[in-house]
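Residue-level structure breakdown
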Amino acid sequence: SAAFYCIEKSSNVLFGEKRPKYGLCEGECNSDGDCEGDLICQQRRGNEVVVGCQGLGKFAWDYCRPADPSSNPTSSPTSGPSVTSDPSSNPTSSPTSGPSATSLDDSQ
């Protein structure tokens, strides 16, 4: 006789069932609009690897996966540092020995 087992689904193992919106590594999607949030639908013809997911999934099923990093590129960097003709009117008298910032975020 057949035995059936329940297992906990890992978030990045290919998984399929019909639903209105699919999460990470879930399918069978038909377009990016079938996927939750910023996930995209990877169209497959066979058992191609689904980026960001593990397993083979169902043959020729399409699965939601993370978008490619290059799909939302940052602004082009400048060719060099910004230079101002207005230096600080009140420069420090005791500079630090090195950079003190721990973040590239200017707001910190």
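Everything below is about the structure shown above.
Now for a quick tour of the structure. (Residues numbered from 1 in each chain as written. Predicted model: local features only at pLDDT ≥ 70, side-chain atom pairs only at ≥ 80, totals over all residues. Heavy atoms only, no water.)

Side note on the overall build of the protein
Of regular secondary structure, the protein possesses zero helices and four strands. Its helices and strands taken in sequence order, the protein reads β-β-β-β from the N to the C terminus. When burial is assessed residue by residue, the protein has 20% of its 108 residues classed as buried. Summed over all atoms, the accessible surface of the protein reaches about 8,800 Å², with 53% contributed by carbon and sulfur. (Helix = DSSP H or I, 4+ residues; strand = E, 2+ residues; numbered from the N terminus. Buried < 20%, exposed > 50% of the residue type's maximum accessible area, 1.4 Å probe, protein only. Areas by Shrake-Rupley, 256 points an atom, 1.4 Å probe, with all protein chains shown as cover.)

Examining the nonpolar core
Grouped together as the largest cluster of nonpolar side chains are six residues: Y22, C29, C35, L39, C41 and C64. Leaving out residues up to four positions away in the same chain, C29 has contacts with Y22, D34, C35, C41, Q42, Q43, D62, Y63 and C64. Residues V50, C53, W61 and Y63 belong to the second largest nonpolar core, which totals five residues. (Core = buried A, V, L, I, M, F, W, Y, C linked by side-chain atoms within 4.5 Å. Contact = heavy atoms within 4.5 Å.)

Section: the environment of E28
Note that E28 resides in the loop between β2 (26-27) and β3 (40-42). For E28, a relative accessible area of 16% translates into the label buried. When the C-alpha positions of E28 and K58 are compared, they lie 8.9 Å apart, and in sequence the two are 30 residues distant. A polar contact is formed between the side chain of E28 and the backbone nitrogen of D62, at a distance of 2.7 Å. (Polar contact = N/O pair within 3.5 Å; in protein donor to acceptor, adjacent residues only side chain to side chain.)

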